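Here is how the chains run, residue by residue.
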Amino acid sequence: MTSTSSPALSRFNTQQDSAALAALHEVCASSAWGSKLLAQRPYATAETLFLASDAAMAELTAEDLAEAMAGHPPIGRPKPGDPTSSREQRGMAGASEELKVEMLELNLAYQDTFGHVFLICATGATGEQMRDAMKARIGNTPEQEREIVRTELGKINRIRLTRLVEEETA
């Protein structure tokens, strides 16, 4: 990734804590994750920020993960007016009505089984790939699924952090 500091990373490093924390909350709804990243500012490079994110993600408790997942809408139903979720779930935008109905049914079954939304790094995935992943994961134990969710959240956070610190319109 980026080996030098970008103007957007410099801006993030020098923002007031409240503004930086709000930006981090847009990346990941876990307050523990955001607080850990905030406490380690300034970051010399985007890569050091990504590594700090990965380390913070690895330390999240089940309760912290639940808080992070609460910030994500179900696949196929991005929050109205949420360009981030809409962009990330683009693979469902052109899905057939049959696939949309199947995803709704799978989402409900998954939520009944695990008590939270199905979480996957949807960026670049087709609706069929997301459906197949959900079908494969619905048989997992809660412990297996929690660790998969942790990994998927880490991927999502890296994508969102990249947008935060490498784009001029962060």
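The structure under discussion appears in the preceding block.
Residues numbered from 1 in each chain as written. Predicted model: local features only at pLDDT ≥ 70, side-chain atom pairs only at ≥ 80, totals over all residues. Heavy atoms only, no water.

J.: Which residues make up the pattern of salt bridges, and what values go with them?
T.: Summed over the entire model, instances satisfying the criterion amount to 11 salt bridges. With its nearest N and O atoms 3.0 Å apart, the salt bridge here joins glutamate 147 to arginine 150. Of the two residues, glutamate 147 and arginine 150 both sit in helix H10 (residues 142-166), three residues apart, roughly one turn of that helix. Given the relative accessible area of 40%, glutamate 147 is considered partly exposed. (Salt bridge = Lys/Arg side-chain N within 4 Å of Asp/Glu carboxyl O. Helix = DSSP H or I, 4+ residues; strand = E, 2+ residues; numbered from the N terminus. Buried < 20%, exposed > 50% of the residue type's maximum accessible area, 1.4 Å probe, protein only.)

J.: Describe unusual backbone geometry, and please don't skip the residues or the numbers.
T.: Trans is the common state for peptide bonds, and a negative phi is the common state for residues other than glycine. Residue proline 42 is reached from arginine 41 by a cis peptide bond, and omega for that bond is 0 degrees. Here proline 42 lies in the loop between helix H3 (31-39) and helix H4 (46-59).

J.: Go over helix H2 (residues 17-27), please, and point to the residues and values.
T.: Of all the positions in H2, only Ala20, Ala23, Leu24 and Val27 are classed as buried. Projection of H2 onto a plane perpendicular to its axis shows the buried side chains occupying an angular sector of 100 degrees, all on one side. Turned more than 90 degrees away from the buried face of H2 sit Ser18 and Glu26, all of them exposed. Against helix H1 (7-14), H3 and H10 lie the buried residues of H2. (Arc of directions from axis to C-beta. Contact = heavy atoms within 4.5 Å.)

J.: I'd like a rundown of empty space enclosed by the protein, residues and numbers included.
T.: Which parts of space are left empty comes out when a probe the size of a water molecule is rolled across the atoms. With the rule as written, the count across this model stands at one cavity of 30 Å³ or more. Together, 15 residues line the largest cavity, and His72, Ile75, Glu88, Gln89 and Ile120 are the ones closest to its centre. (1 Å grid on protein atoms, 1.4 Å probe; cavity = no way out; pocket = protein on both sides within 12 Å on 5 of 7 lines; lining within 4 Å. Points joined across faces, edges and corners; volume = space filled by probe spheres on them.)

J.: Explain the nonpolar core to me, using residue names and the numbers behind them.
T.: Across soluble globular proteins, nonpolar side chains show a tendency to be buried alongside one another. The biggest cluster of nonpolar side chains holds 44 residues, and the ones touching the most others in it are Phe12, Trp33 and Leu161. Listing elements by their share of this core, those giving two or more residues are H1, H2, H3, H4, helix H5 (62-69), helix H8 (97-114), helix H9 (127-137) and H10. In contact with tryptophan 33, not counting residues within four places along its chain, are Leu24, Val27, Cys28, Ser53, Ala56, Met57, Leu60, Asn157 and Leu161. (Core = buried A, V, L, I, M, F, W, Y, C linked by side-chain atoms within 4.5 Å.)

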